[in-house]
Amino acid sequence: MSTVNSVRKVLVATIQELSVGIGKRVKVEGIELALFKQEDHTVHAVENKCPHKGGPLSEGIVSGEHVFCPLHDWKVNVRDGQVQAPDQGCVNRYDVEIEGEQVYVFIE
Amino acid sequence: MREKLVLIGNGMAGIRTIEEVLKNDPDRFDIIVFGEEPHPNYNRIMLSSVLQGDASVDDIVLNSYEWYAENQITLHTGDAVKKVDTKKQVVYSEKGIVQSYDKLIMATGSNPFMLPLPGADKEGVIAFRNIKDCETMIETSKNYKKAVVIGGGLLGLEAARGLLNLNMEVDVIHIADFLMERQLDEPASNMLKEELEAQGMRFHLKKNTEQIIGRDRVEEVRFTDGSSLKTDLVVMAVGIKPNIELGKKSGLKTERAILVNDYMQTSAENVYAVGECAEHRGIAYGLVAPLYEQGKVLAAHLCSADAASEPGYKGSIVYTQLKVSGVDVFSAGVFQDNEKTKAIRVHDEFEGIYKKVVVQDNKVVGAVLFGDTGDSPRLLNMMRSGEDISQMSKVAILPSESSSDSKVSPVVAMADGETICGCNGVSKGEICTAITDLGLQSVEQVKQCTNAGRSCGGCKPLVADLLELTTGEEVGNVKEPMCGCTEYTHEEVVAEIRELGLSHPREVMNVLGWESDEGCSKCRPAINYYLQMVDPIKNADDPSSRFVNERVHANINHNGTFTVVPRMYGGVTNADQLRKIADVADKYSVPLLKVTGGQRIDLFGVEKEDLPKVWSDLGMRSGSAYAKALRTVKTCVGEQFCRFGTQDSIGLGIELEKKFEYINTPHKVKMAVSACPRNCAESGIKDFGVVGVEGAWELYVGGNGGVDLRGGDLFCKVKTKEEIIVTISAFLQYYREHARYLERTSHFVERVGLDHMKQVVLEDVEGRNALIERLEIALSTGKDPWKEIVENEEKQKEYQKTHVTMS
C-alpha cells in the first residue's frame, strides 16, 4: 500500500476474482465499493450506493459500462458515475489501476 | 451590470415565471429567490400522490438544487422575507439578508384556511398543504387508526384517499349537501360519493363542526347537531386564503389578494404578483394552469423592450381534475344549468359514466365529466376559442361518444393548435413535433422535452395516444418493441430465436441488430427466458441477465439485505422444520420472521454473504419466492380436519407444488387448492385455482390478487387429480410459449381469450399432448438452486464480500 499525496492506492482484488457482467463488493474501511470488469478487462469502481435510495449497485444487472440499480432500476454509468436520464444525480467514482493481475483503487 | 430580479416565494407560480424569464432572456437578470420551506421548488399538486404512496418527495421536486446552480440563481430556502421597502427597493429576510432589487415578484401563494374552532390548536389537527403535513399524516398513521377530514372538496377527498392508503379509517365531514359542490353538479357528485364509499370512505354531509375535544391531542370531533366522532387526527381541508400579510405590510393595495393589472403589476412600482396571492379582475385563482398563464405574461413583460405592447393577461378558464386513483372527474367553467344555458347530457349508470356539456349562445361554456374524461382537452379548447357549435354534431363535441369505435383516441380529432397539457400549455402540435424531431419513444421523454404532463399528470393518457399516433403506422395497431434497445416485439424475438437457432443473449442482440450492444434491464432477462423456453436442454442460463433476486435466489430488501423463504409444500410444516428455522434465526440474528400470505415463513434481513450458510443450515429447499416460476400452492385444511371440506386439498396442493416447482415461467405463478366453495385458500385470485366440490374439482385460471385484481375464470370441472394436473400442464406450457415475458396469466388470458385457451388446452387433444410433452422436457431440467450452491464452493464465491483494511 502506498500513498500519493493524500490519495491512497489500495489493492482491492485480483483480475480473476472479477467476472464480466457481475459486480463485486469490496469494503475498504468505511466505504463499500462496487467493482465492474468490462469486456476489454478494464475495471471501474464506484461507491456501492445508488444516489436514489442507496441501493447496492453491485447487485444490479450490468450492461457494458452501465449498471441498473436493483431497487428501482436507475441506470448508472460506472465509468463516470453519472445517473442516466430521465433520472438525475451521480455516484462517487474511484480511479482504478491494474498492475499485472492486481486491481488497485485510489481512495482519498 | 445586470438588473436584479428578486422572487419572494419558491413555489410553482414564482419559479414558473423564472423559467419563462430564462427562456425569454437568460442573461438579463441576476435572480435571487427566497423560499420559506426548506425544499427546492416542488409540485404541490402532486402532494396527494405522495400521500397516496404513488410518488416520493424526491419524485415531485420540479427543479433540483442543481437547476438553481446551473442557472446561477441564488436560492435562500427556509428563510422568509419579513419586510419590503418599496421606496428604496430593498427586501429584508428573517435571517437578516438585505437584498436590493430592480424588479420584485411576490409569489407568496396561499395558506390553508383553518376553521377557528375551539380546540383547533390541539396536537393532531393539521392542514393538507405542504410536505410537512404529508409527513405528519404518514407518521400519525403508524400509531393511530382513525382520521377525520373536514372538507369534501378536491383537497379533502385527495387527503382522505391518501389516509385510506395509509390504512386509516377515514370519515369525511362536509358542510354542503353534496361533495365538490363547487366543481360538480348533483348527479356527478352522487356518482363520485358512491365510488368513494366503495373505496372505504365514510361521508357525513350537511354537518357543521363545532368543537375539537381532547386532552393534548385530538380525541373527538363534535358537531352542531349534537353528534360526535372519535378520532386520532383531524385534517382541515376547507379552503385556502391568499397569503398577503407581507404585501399588506409593504403597502401594496389588496382586496381578497394583492391587486394586479393585466401585466401582473401591483400598486407599487417595479413590484409584481403572480399566483394564488394575486387578484386579477376580481379573481384570485387557486389552480395551477392560471398561475402558469400569469407567469408567461409577466415574463414576457419583464423581458420585453416595449413592455406596453405585449399582450396582457385576460383571465383564465378554470378547470379541475380529481387525482384519486380509480376515479376520473373533470369539471370546467360554468357547469350549473341556468335559464340561459342548455346542456348535452350523457348518463350511463351501468358504466358509471356521466357527461354534461353546458352551452350558452351556441358556445361551450362549461362541462362536467365523470368516469371518462378523455374529451376534456377538446372541451377546454372549445371553451377557450369560443367556437360556434351550432353546426356540430354531438359526436364532434364529445368524440368519445362515437359508439362505433370507442377505442379511437380523442387526440385524433384534435387540431395541432389544441392544448393537450392544460397545466403547462403544451399543444398537440408541439408534442408531435418533439416526438418526430427528437425521436421520442416514451411519455417520460415527452415530459422531459416538452413539459407536458409535468404537473398534474392528467394528460398522460393523451400523450401516450399521441406517441402511438405519431410513431405508429396506425393507431391501436402499433408494434410495441421489447424495449428501447430494439424495434423487435417480444413475439418477433421469440420467432427469430426459433428460426435462427440462437442460443445466447449476446448472440440474439448482435444478430438482431440491437441499438445498444449490451441491452438493458428490460430485454436481457426477457431474452434469457425465451432462450431457455425455446430449448431448455441446449440453452444454458445466463446469470448476468437475471435480476438479482433470481441470481442469488433470495429477495433483495430496501437496505441491501435479503429475505430467505424456504419451501413448505402446500403450506404444511412440522416441528423439526420449525425448530431448524428458529435455530437459524438465532444463529444469524435474523431481525424479522413473518408468516406470508403464501403460507410459509420468511426470514428477513439476511446478509448476502450468509445466504449459502443459511440455506445449508436450514436443510430445506428453496421456496422460489423470488422466481419467475411456481411460487406457492396455498391450501385449506380440507377433508383432513375441516367439517365442510369435501376433498383432500392439502394432498393435491402438495402434489401440484412438487410437480411444477423450479420451472421458469414468463412471470410468477401462484396456485391454490380449496376443498369447498368457501374458498379458504383464495383459489379465485390465483393463476391456477382449484376448488373441490362434492365428487369433483373446479379449475379456475387467470386470477390475480395483485395490482390488477382479477377473479379467475372457470376453466373446467373434472373428476380426478390426474385430470387437474394434465390441464394445468398444458395450460402452463401454452402460457410459457406464448406469453410475453413479465405478462401474468391474468393479462395473458384476457389478451388471447378464454375460449382460445379452452380450445388449445381442452379441445385439441393432440395439441395438448404435445404441450405436455414439451413441459415435461422443461420440468426435467428443474433443480433446487440452493442445493446446487451449497454443494459447490465455486458458486459460493459470488456471495462473498472482500474486506480491505487501510493501514
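Keep in mind that this is a model prediction, so the values were computed, not measured. (Residues numbered from 1 in each chain as written. Chains lettered and ligands numbered in written order. Predicted model: local features only at pLDDT ≥ 70, side-chain atom pairs only at ≥ 80, totals over all residues. Heavy atoms only, no water.)

*Asks:* So, the overall build of chain B: which residues are in play, and what are the values?
*Replies:* Helix and strand counts for chain B come out as 26 helices and 37 strands. Of all intrachain contacts in chain B linking residues separated by at least 6 positions in sequence, the fraction that spans at least 24 positions is 62%. Here chain B displays about 35900 Å² of accessible surface, and carbon together with sulfur accounts for 48% of that area. (Helix = DSSP H or I, 4+ residues; strand = E, 2+ residues; numbered from the N terminus. Contact = heavy atoms within 4.5 Å. Areas by Shrake-Rupley, 256 points an atom, 1.4 Å probe, with all protein chains shown as cover.)

*Asks:* So what's going on with the overall build of chain A? Residues and values would help.
*Replies:* Across its full length, chain A holds zero helices and eleven strands. Reading chain A from its N terminus to its C terminus gives the helix and strand order β-β-β-β-β-β-β-β-β-β-β. In chain A, which comprises 108 residues, the proportion classed as buried is 53%. Look at the contacts in chain A between residues 6 or more apart in sequence, and 39% of them connect residues 24 or more apart. (Buried < 20%, exposed > 50% of the residue type's maximum accessible area, 1.4 Å probe, protein only.)

*Asks:* Summarise the sheet that holds strand E4 (residues 81–85) of chain B; cite the residues concerned and give the values.
*Replies:* All names here are of chain B. If you walk across this open sheet you meet the three strands as E4-E5-E6, and the pairing is antiparallel. In the strand order of this sheet, the two ends are held by E4 and strand E6 (98–100), each with one partner. Neighbour to neighbour, the strand axes of the sheet diverge by 20° on average, direction disregarded. Summarising the sheet, strand E5 (residues 90–93) and E6 pair through three bridges and their orientation is antiparallel. When the bridges of E6 are listed, Tyr92 appears paired with Val98. (Pairing = 2+ DSSP bridges. Axes fitted to C-alpha atoms, helices over the stretch in contact; angles between N-to-C directions.)

*Asks:* Run through empty space enclosed by the protein, naming residues and quoting values.
*Replies:* Residue and element names in this part refer to chain B. In total, this model carries three cavities of 30 Å³ or more according to the counting rule given. Its volume calculated, the largest cavity comes out at about 70 Å³. Forming the boundary of the largest cavity are Pro525, Asn528, Tyr529, Ser545, Arg546, Phe547, Glu550, Lys628, Asn664, Thr665 and Tyr741. At three residues, the largest contribution of residues to the lining of the largest cavity is made by helix H16 (residues 523–534). (1 Å grid on protein atoms, 1.4 Å probe; cavity = no way out; pocket = protein on both sides within 12 Å on 5 of 7 lines; lining within 4 Å. Points joined across faces, edges and corners; volume = space filled by probe spheres on them.)

*Asks:* Which residues make up the pattern of salt bridges, and what values go with them?
*Replies:* All chains considered together, the criterion is met by 60 salt bridges over all chains. For B:Asp25, the salt bridge goes to B:Arg28, with nearest N and O atoms at 3.9 Å. Note that B:Glu661 is salt-bridged to B:Arg621, the shortest N-O span being 3.1 Å. In this pair, B:Glu661 sits in the loop between helix H20 (649–660) and strand E33 (669–674) while B:Arg621 sits in the loop between helix H19 (611–618) and strand E32 (630–635), placing the two residues 40 residues apart along the sequence. Three or more residues are tied together by salt bridges with common partners; here these are A:Arg25, A:Glu59, B:Arg551, B:Lys608, B:Glu609 and B:Glu798. (Salt bridge = Lys/Arg side-chain N within 4 Å of Asp/Glu carboxyl O.)

*Asks:* Now, about the sheet that holds strand E4 (residues 31–37) of chain A: what can you tell me, with residues and values included?
*Replies:* Strand pairing within a sheet occurs via backbone hydrogen bonds; the two strands may be parallel or antiparallel. With mixed pairing, five strands are arranged side by side in an open sheet as E9(A)-E5(A)-E4(A)-E3(A)-E37(B). Of all strands in the sheet, those with a lone pairing partner are strand E9 (93–94) of chain A together with strand E37 (802–804) of chain B, marking the two edges. In the sheet, E4(A) pairs with strand E5 (residues 43–47) of chain A via five bridges, with the strands oriented antiparallel. Paired with A:Lys37 across the two strands is A:Val43, which belongs to E5(A).

*Asks:* Got a sec to walk through the interface of chain A and chain B? Specific residues and values, please.
*Replies:* At the interface, 31 residues of chain A touch 35 residues of chain B. Where chain A abuts chain B, roughly 2700 Å² becomes buried across the two surfaces, and 53% of that area is made up of carbon and sulfur atoms. Three residues, A:Arg25, A:Glu59 and A:Ile61, lead the burial of chain A against chain B; their summed loss comes to 24% of the area buried on that side. Our count for the chain A to chain B interface comes out at six salt bridges. Between B:Lys608 and A:Glu59 there is a salt bridge; the shortest N-O distance is 2.9 Å. Taken together, the links from chain A to chain B amount to 18 residue pairs in polar contact (both at pLDDT 80 or more). Residue assignment for the side of chain A that touches chain B shows that the elements contributing at least two residues are strand E2 (7–14), strand E3 (24–28) and strand E6 (61–63) of chain A. Looking at the side of chain A that touches chain B, the element that brings in the most residues is E3(A), giving five residues. Taken together, the residues of the side of chain A that touches chain B sort by class into 15 nonpolar, six polar and ten charged. (Buried area = accessible area lost by both parts, 1.4 Å probe. Polar contact = N/O pair within 3.5 Å; in protein donor to acceptor, adjacent residues only side chain to side chain. Nonpolar A, V, L, I, M, F, W, Y, C, P; charged D, E, K, R; others polar.)

*Asks:* Quick one: what's the story with the environment of B:Arg44, residue by residue and with numbers?
*Replies:* All names here are of chain B. Here Arg44 is to be found in the loop between strand E2 (29–34) and helix H2 (47–51). Expressed as a C-alpha distance, the spacing of Arg44 and Ile60, which sit 16 residues apart in the sequence, is 7.9 Å. Contact partners of Arg44, with chain neighbours within four places excluded, come to Met12, Glu37, Arg129 and Asn130. Looking at Arg44, its side chain comes within polar contact range of the main-chain oxygen of Arg129, at 2.8 Å.

*Asks:* Provide a residue-level description of the nonpolar core, including the pertinent values.
*Replies:* Residues and elements named next belong to chain B. Residues Val91, Leu104, Met106, Ile420 and Ile431 are the most contacted members of the largest nonpolar core, which totals 88 residues. Take this core: its biggest share by element is nine residues, from helix H8 (residues 288–303). Beyond its immediate stretch of four places on either side in the chain, Ile431 contacts Ile420, Val426, Val446, Thr450, Ala452, Val463 and Leu466. (Core = buried A, V, L, I, M, F, W, Y, C linked by side-chain atoms within 4.5 Å.)

*Asks:* Which residues make up a positive patch on the surface, and what values do they have?
*Replies:* Where like charges cluster on the molecular surface, the positive patch consists of B:Lys82, B:Lys83, B:Lys88 and B:Lys249. Of note, B:Lys249 is situated in helix H7 (residues 245–249). (Patch = residues over 30% accessible without salt bridge, like charges linked within 9 Å, V, L, I, M, F, W, Y side chains within 5 Å. Lys, Arg positive; Asp, Glu negative; His and termini not counted. Charge placed at Lys NZ, Arg CZ, Asp CG, Glu CD.)

*Asks:* Can you break down the pairing of strand E16 (residues 233–236) of chain B residue by residue, with the values?
*Replies:* Residues and elements named next belong to chain B. Burial of the side chains of E16 extends over both faces: Leu233 and Val235 are buried on one face and Val234 and Met236 on the other. For strand E9 (residues 125–127) and E16, the ladder comprises three bridges, and the chain directions are parallel. The residue of E16 that forms the bridge with Val125 is Val234. One ladder, built from four bridges, connects strand E10 (residues 146–150) with E16; its direction is parallel. For Ala147, the partnering residue across the bridge sits in E16 and is Leu233.

*Asks:* Quick rundown of the packing of aromatic side chains? Include the residues and the values.
*Replies:* Residue and element names in this part refer to chain B. In the structure shown here, the tally under the stated rule is eleven aromatic pairs over all chains. With centroids separated by 5.2 Å and ring planes inclined at 10°, the aromatic side chains of Trp615 and Trp786 adopt a geometry described as stacked. Placement of Trp615 in helix H19 and of Trp786 in helix H25 (residues 785–790) is noted, with a sequence separation of 171 residues between them. In terms of burial, Trp615 and Trp786 fall into one category: buried. Taking 5.3 Å as the distance between ring centres and 80° as the angle between the ring planes, the aromatic pair formed by Phe715 and Phe731 counts as edge-to-face. Of this pair, Phe715 sits in strand E36 (residues 713–718) while Phe731 sits in helix H21 (residues 721–738); the two residues are 16 residues apart in sequence, bridging distant segments of the chain. By relative accessible area, Phe731 is classed as buried at 1%. (Phe/Tyr/Trp six-rings, centres within 6.5 Å; stacked < 30°, edge-to-face > 60°.)

*Asks:* So what's going on with a negative patch on the surface? Which residues, and what values?
*Replies:* On the surface, B:Asp755, B:Glu763, B:Asp764 and B:Glu766 cluster together into a negatively charged patch. Exposure remark for B:Glu766: the relative accessible area of 71% places this residue in the exposed category.

*Asks:* I'd like a rundown of the side chain of B:Asn549, residues and numbers included.
*Replies:* Structurally, B:Asn549 can be placed in helix H17 (residues 548–552). The exposure class of B:Asn549 is buried, given its relative accessible area of 12%.

*Asks:* Summarise the packing of helix H14 (residues 490–500) of chain B against H16(B); cite the residues concerned and give the values.
*Replies:* All names here are of chain B. The geometry of H14 relative to H16 is characterised by a closest axis approach of 10 Å and an angle of 45° between their N-to-C directions. Taken together, the axis directions place H14 and H16 in an arrangement best described as oblique. In terms of crossing hand, the pair formed by H14 and H16 is right-handed. Residues His490, Val494, Ile497 and Arg498 of H14 pack against Ala526, Tyr530, Leu531, Met533 and Val534 of H16. Along the lines of polarity and charge, the residues of the contact of H14 with H16 split into seven nonpolar, one polar and one charged. (Parallel < 35°, antiparallel > 145°, perpendicular 65-115°, else oblique. Left-handed = near helix turned anticlockwise from the far one by under 90°.)

*Asks:* Would you mind going over the confidence of the model for chain A in detail, with residue names and values included?
*Replies:* Chain-level pLDDT for chain A is 90 on average; 95% of the residues reach the 70-or-more range. In the model of chain A, strand E1 (residues 2–4) of chain A stands out as the element of lowest mean pLDDT, 51, in contrast to E5(A), which has the highest, 96. (pLDDT = per-residue confidence, 0-100.)

*Asks:* Break down the confidence of the model for chain B for me, citing the residues and quoting the values.
*Replies:* Residue and element names in this part refer to chain B. Confidence in the prediction for chain B averages 90 pLDDT; 98% of positions are at 70 or higher. Mean pLDDT across the secondary structure elements of chain B bottoms out at helix H10 (residues 394–397), with 72, and peaks at strand E29 (residues 562–564), with 97. Across residues 473–477, where pLDDT falls below 50, the model places four contacts with residues more than four positions away in sequence or in other chains. Per the prediction output, this complex has pTM 0.53; the corresponding ipTM is 0.90.

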